[in-house]
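Notes for the structure review
Each chain, written out:
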Amino acid sequence: MTTIATCYCGGTRIELPEAPTEATQCTCTWCTKSGGLWAYYDVTAPRIVSDTYGAVYSPVSPLHEHHFCTRCGCTTYGVSPDYSLEDTAVPERKKMAINVKILDDYDLMQSLPVNVIDGRNLW
């Protein structure tokens, strides 16, 4: 069953191949200020159905793409190197982070276990 995520205005719509089983809360300044709570997928797994008002912010380098909706302001998803892999020196290996706060199934979002990572001090 496909899980759907949409921003507040509906301009961004993402189909996930399966429901997330956990979420990650990062304490870096970007995630804290943008309100992201992330579920990670292989970069090819989610399908961006629409991103009508989408824009990208990359504060440090083009390696980190923070996507958001310019119409309603929701933080929607991100693309970054997959730092969980052993060889982190290869930026071509990407992962996609979907903001679980935009899942259409609110009950699913509320029931996810949340892992906290110390992004302020890790990088």
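Before reading on, note that the structure itself is shown above.
The following paragraphs examine the structure supplied in this document. (Residues numbered from 1 in each chain as written. Predicted model: local features only at pLDDT ≥ 70, side-chain atom pairs only at ≥ 80, totals over all residues. Heavy atoms only, no water.)

Concerning the overall build of the chain
- Counting its secondary structure elements, the chain contains three helices and ten strands.
- Along the chain, helices and strands appear, N-terminal first, in the series β-β-β-α-β-β-β-β-β-β-α-β-α.
- Radius of gyration (C-alpha) of the chain: 14 Å, near the 14 Å computed for a compact globule of 123 residues.
- Buried residues in the chain amount to 37% of all 123 residues.
- Look at the contacts in the chain between residues 6 or more apart in sequence, and 56% of them connect residues 24 or more apart. (Helix = DSSP H or I, 4+ residues; strand = E, 2+ residues; numbered from the N terminus. Rg over C-alpha atoms; globule rule 2.2 N^0.38 Å. Buried < 20%, exposed > 50% of the residue type's maximum accessible area, 1.4 Å probe, protein only. Contact = heavy atoms within 4.5 Å.)

Things to note about the environment of Ser111
- Mapped onto the elements of the fold, Ser111 is located in helix H2 (residues 106-111).
- Overall, Ser111 belongs to the exposed group, its relative accessible area being 54%.
- Spatially, the C-alpha atom of Ser111 lies 29 Å from that of Thr70, the residues being 41 residues apart in sequence.

Observations regarding the sheet that holds strand E2 (residues 12-16)
- Read across the sheet, three strands follow the order E1-E2-E5 without closing on themselves; strand pairing throughout is antiparallel. Each of the sheet's edge strands pairs with one partner strand only, and the pair in question is strand E1 (3-6) and strand E5 (47-51). Going from strand to strand, the sheet's axes swing by 15° on average, the running direction of each strand aside. (Pairing = 2+ DSSP bridges. Axes fitted to C-alpha atoms, helices over the stretch in contact; angles between N-to-C directions.)

Overview of the nonpolar core
- Membership of the largest hydrophobic core comes to 17 residues, with the highest contact counts inside it found for Ala5, Ile14, Leu16, Tyr77, Ile98, Val100 and Leu103.
- What Leu16 contacts, discounting residues up to four positions off in sequence, is Thr2, Thr3, Tyr41, Pro46, Ile98 and Leu103. (Core = buried A, V, L, I, M, F, W, Y, C linked by side-chain atoms within 4.5 Å.)

Here's the deal with the packing of aromatic side chains
- Enumeration over the complete set of coordinates arrives at one aromatic pair.
- Positioned over the ring face of Tyr40 is Lys95, at 4.0 Å from the centre of the ring. (Phe/Tyr/Trp six-rings, centres within 6.5 Å; stacked < 30°, edge-to-face > 60°. Lys NZ or Arg CZ within 6 Å of the ring centre and 35° of its normal.)

Focus on the pairing of E2
- Burial of the side chains of E2 is restricted to one face: Thr12, Ile14 and Leu16 are buried, whereas none of Arg13 and Glu15 on the reverse face is.
- One ladder, built from four bridges, connects E1 with E2; its direction is antiparallel. Counted as the bridge partner of Ala5 is Ile14 from E2.
- Linking E1 back to E2 in an antiparallel pair, the connection comprises five residues, with Gly10 at a positive phi of about 90°.
- Sheet topology note: the E2/E5 ladder contains four bridges and is antiparallel. Residue pairing across strands places Ile14 opposite Ile48, the latter belonging to E5.

Nothing here speaks to function; it is all geometry.
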